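# Tertiary structure, described
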Amino acid sequence: MLQQIANGLALGGIYALTAVAYSMVYGIVGLINFAFGAMFMVGAFAAAFVLGSGIPIFNTVYTGPDLGLGLAVLVGMVAAGFVGWVVERVAYRPLRDAPTIAPLITSLGALIFLQATAALVFGGRGLPFPSDNVLGGSPIEIGGVILTRPQLTVFIASLLLAWGLDQVLRRTTFGLKTQASAQDINTAELQGINSNRVIAYTFIIGSMMAGIAGVFWGSLFNFLSPTMGFRAGLVGLVAAVLGGIGSIRGSLLGGLVLGVVQSLSVAFVPGASGFGDGFAFAILILLLWRKPEGLLGSPATSRPGSIERPLPVFTRMPRSARAGRRAR
Amino acid sequence: MSDPQGLRGILSLRALAKLGINRRRSFSILVGAVVSVLIFFLPDLVQPRWVRVALIIIIWAVLASGLNILAGFCGLLDLGFVAFFAIGAYFSGIVTTRIVVSNDITTVWWVFVVDLIAGGLLAGVAGAVIGYPTLRLRGDYLAIMTLGFGEIIRTTAINWTSVTNGTRGIRGIPNPSVLGLPITSLEGLFYLGVVLAGIGLFVIHRLLRSHVGRAWISIREDQDVAESLGIPTSRYKLYAYIAGAVFAGMMGVFFVHVQRFISPESFSLLENVIILLLVVIGGMGSIWGPLLGATIWFVSLEQLAKLEIVQAHAEVRQMILAAILIAIMVVRPRGLLGEAKTLVTDR
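So, a few notes on the structure that sits alongside this text. For clarity, every value in this text was computed on a predicted model and none was experimentally measured.

### What about the overall build of chain A?
Counting secondary structure elements, chain A contains 12 helices and 4 strands. Per-residue burial for chain A yields a buried fraction of 55% across its 328 residues. Nonlocal contacts in chain A, meaning residues at least 24 apart in sequence, comprise 70% of its contacts between residues at least 6 apart. Taken as a whole, chain A presents about 13500 Å² of accessible surface, with 64% of it coming from carbon and sulfur.

### Regarding the environment of R149 of chain A
Residues and elements named next belong to chain A. Within the element layout of this structure, R149 appears in helix 5 (residues 149-171). Look at R149 and you get partly exposed, because its relative accessible area is 29%. Along the primary structure R149 and A240 are separated by 91 residues, whereas in three dimensions their C-alpha atoms are 26 Å apart.

### Some thoughts on the pattern of salt bridges
Residues and elements named next belong to chain A. Under the defined criterion, the tally for this structure stands at 7 salt bridges over all chains. Between R93 and E88 there is a salt bridge whose closest N-O contact spans 3.4 Å. A relative accessible area of 23% places R93 in the partly exposed class. Notably, a salt bridge pairs R249 with D166, separated by 2.7 Å at the nearest N-O pair. With R249 in helix 10 (residues 248-268) and D166 in helix 5, the pair connects residues that are 83 residues apart, well separated along the chain. A relative accessible area of 43% means that R249 is categorised as partly exposed. Taken together, the shared-partner salt bridges connect D166, R170 and R249 into one network.

### Some points on the nonpolar core
One finds F34 and M39 of chain A together with F84, W216, F254, W297 and F298 of chain B to be the most contacted residues of the largest nonpolar core, which totals 191 residues. At 17 residues, the largest contribution of residues to this core is made by helix 4 (residues 48-73) of chain B. Not counting chain neighbours up to four residues away, the residues in contact with M39 of chain A comprise A80, V83, G84, V87, L114, S207, A210 and G211 of chain A. Counting residues in hydrophobic clusters, the runner-up holds 5 residues, among them L120 of chain A together with V310, V316 and M319 of chain B.

### Thoughts on the pairing of strand 1 (residues 54-57) of chain A
Residue and element names in this part refer to chain A. Here strand 1 runs beside strand 2 (residues 60-63); their pairing, made up of 4 bridges, is antiparallel. Within the sheet, the bridge partner assigned to G54 lies in strand 2 and is T63. Connecting strand 1 to the antiparallel partner strand 2 that follows it, the hairpin turn spans 2 residues, and F58 within it adopts a positive phi of roughly 50 degrees.

### Comments concerning the environment of A16 of chain A
Within the element layout of this structure, A16 of chain A appears in helix 1 (residues 2-29). Setting aside its immediate chain neighbours within four residues, A16 of chain A contacts S251, L252 and G255 of chain A.

### Observations regarding a nonpolar patch on the surface
Nonpolar side chains collect at one region of the surface, where V34, V37, L38, F40, F41, L45 and V46 of chain B lie side by side and expose about 610 Å² of accessible area between them. If you trace the backbone, V46 of chain B turns up in the loop between helix 3 (23-45) and helix 4.

### Some points on the side chain of T178 of chain A
Note on placement: T178 of chain A falls in helix 6 (residues 173-183). In contact with T178 of chain A, not counting residues within four places along its chain, are I28, L169, V198 and T202 of chain A.

### Considerations on the packing of aromatic side chains
To describe a pair of aromatic rings, you give the distance between the ring centres and the angle between the ring planes. Residues and elements named next belong to chain B. Considering all chains together, one arrives at 16 aromatic pairs over all chains under this definition. When the ring of Y236 is compared with that of Y239, the centres are 5.4 Å apart and the planes differ by 90 degrees; the resulting orientation is edge-to-face. Of the two residues, Y236 and Y239 are both situated in helix 12 (residues 233-259); the distance of 3 residues between them amounts to about one turn of the helix. Classification of Y236 by relative accessible area gives buried; the value is 10%.

About the criteria used
- Residues numbered from 1 in each chain as written.
- Chains lettered and ligands numbered in written order.
- Predicted model: local features only at pLDDT ≥ 70, side-chain atom pairs only at ≥ 80, totals over all residues.
- Heavy atoms only, no water.
- Helix = DSSP H or I, 4+ residues; strand = E, 2+ residues; numbered from the N terminus.
- Buried < 20%, exposed > 50% of the residue type's maximum accessible area, 1.4 Å probe, protein only.
- Contact = heavy atoms within 4.5 Å.
- Areas by Shrake-Rupley, 256 points an atom, 1.4 Å probe, with all protein chains shown as cover.
- Salt bridge = Lys/Arg side-chain N within 4 Å of Asp/Glu carboxyl O.
- Core = buried A, V, L, I, M, F, W, Y, C linked by side-chain atoms within 4.5 Å.
- Pairing = 2+ DSSP bridges.
- Patch = residues over 30% accessible without salt bridge, like charges linked within 9 Å, V, L, I, M, F, W, Y side chains within 5 Å.
- Phe/Tyr/Trp six-rings, centres within 6.5 Å; stacked < 30°, edge-to-face > 60°.

Here is the structure:
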């Protein structure tokens, strides 16, 4: 039981990082950026290359230098951030005043485009993620729970990163600008905040988080493929919504809860292993049905209009009115 | 023929006006007649593979029209729409292979018709079940929740192996038979598809002119105003779910008898994204939008397959299509025939 929870927490750390990426961008522009699944993959491939793994590029295998895990995470982060910046420039910025469905569609387009490009360049097959001397050591036992080194590293690093980002958003000038833009982008511009730049930074930081999550995913499962980010990205999105999208702390909590629930359900529910992600979605649906703003999200942190705020009800309203109520 | 001046010689406008047909209307009747003749002779005019493409276009256009009811007319963004398609397809696939084939009643005239209706109704029930808990949600939350439903249906199809045969899928599903005659030729299937699509588009057209359709559009434009005008928005949203699901379920039944094979692969999120793309390319909230979107999409898919680089690397096709998609969105964010001014997620 404890062992399963520990496994789940490591997995949940990855989900949490991906969830943070979705949350940041959603909080500021109200867009679900599906392309983070691709950033996840970009980060993993870049890191695998600088960990001395042979990556086939157009059927020729190139072997990169082995820089160690720390630098590999950095490289993965930068690569994902760069791709995120390009995607923001090409696919989102021209659509800032379009109906919100339009950037949602282009984000799906960007996801498909990047995955297909990766499949073309690297070949469609999966590759092993190189093991590293930091992570390759023997498992560590803490209080009867056996943790592999990747699990421990991933969990701690994810927590630190999410905490660090939360602090940045709360304490720095950049964080204040981001918060101001998230609350009301027009007013923020009137205060002299360059909202285009803030939005671009948000995309870059989100992509970096997704990229790091990809590196960790690779080291945890020892595997990378062009489509690896698709399902992981979806589960990260579920985690973000579970915790209350737009809230960094909520995303962290949502990711961890989801990781533990998945790990426990696979271990204790017979025949559940195949349903893996199905469980995540079932939890999500139940939660959204009863508590649409997520675990930690208050209706105020999500975008106005994106969700119906519950009206304080003192008397029972007619059924039809209750179902469609909304406070304004 | 497209020049309205030329019509004067062909049709006596004054006589037609007495019948209540004005110039504009006679023009659209003429276009309709030309298109009908073209469709009727299509199998003789083009190569068989284009007939196949046309059949695929028809199926996906009606499917996308179903989503168009939800997303384009009612403003409910559904990312799990393919689940209704899957329900219809699996229902008919399972029923026909388990009951119909084993009892050798494939030639009974009503089997396909009953299947079509039952599959549509079953999907409609699923639409009501899925629609009900999502009525409180708006915009992106709705999208994610429906995405969850789609994934649950798909994982069920994968894991409930005793019924769905898991990832291996169900094989040996017979072609549809109408009036006791099994339709196996490509042309026959094409004509059957045209008839079904024609009925479907006509029903959607009539629905939109009814009070239900007007209620949907008012919900899309502004739910609060709609509610304040006395429109029970929850009920009409539920109607939209049911209507969209019925169309998807019926097309699922037709699809499975055309394909004669079914597996969870056909109902992934990517498929759902493609349905949404067809709606969005053509323009949300336009009756002909999904048909235009499907035509553009599948004709370019087929044409791209001719390129050498695509034959060598299948991924290139996805790359090109994704790039085209982004380009269309950047140039025309409301789609090519787009009418929908806002989606509820509008900020």
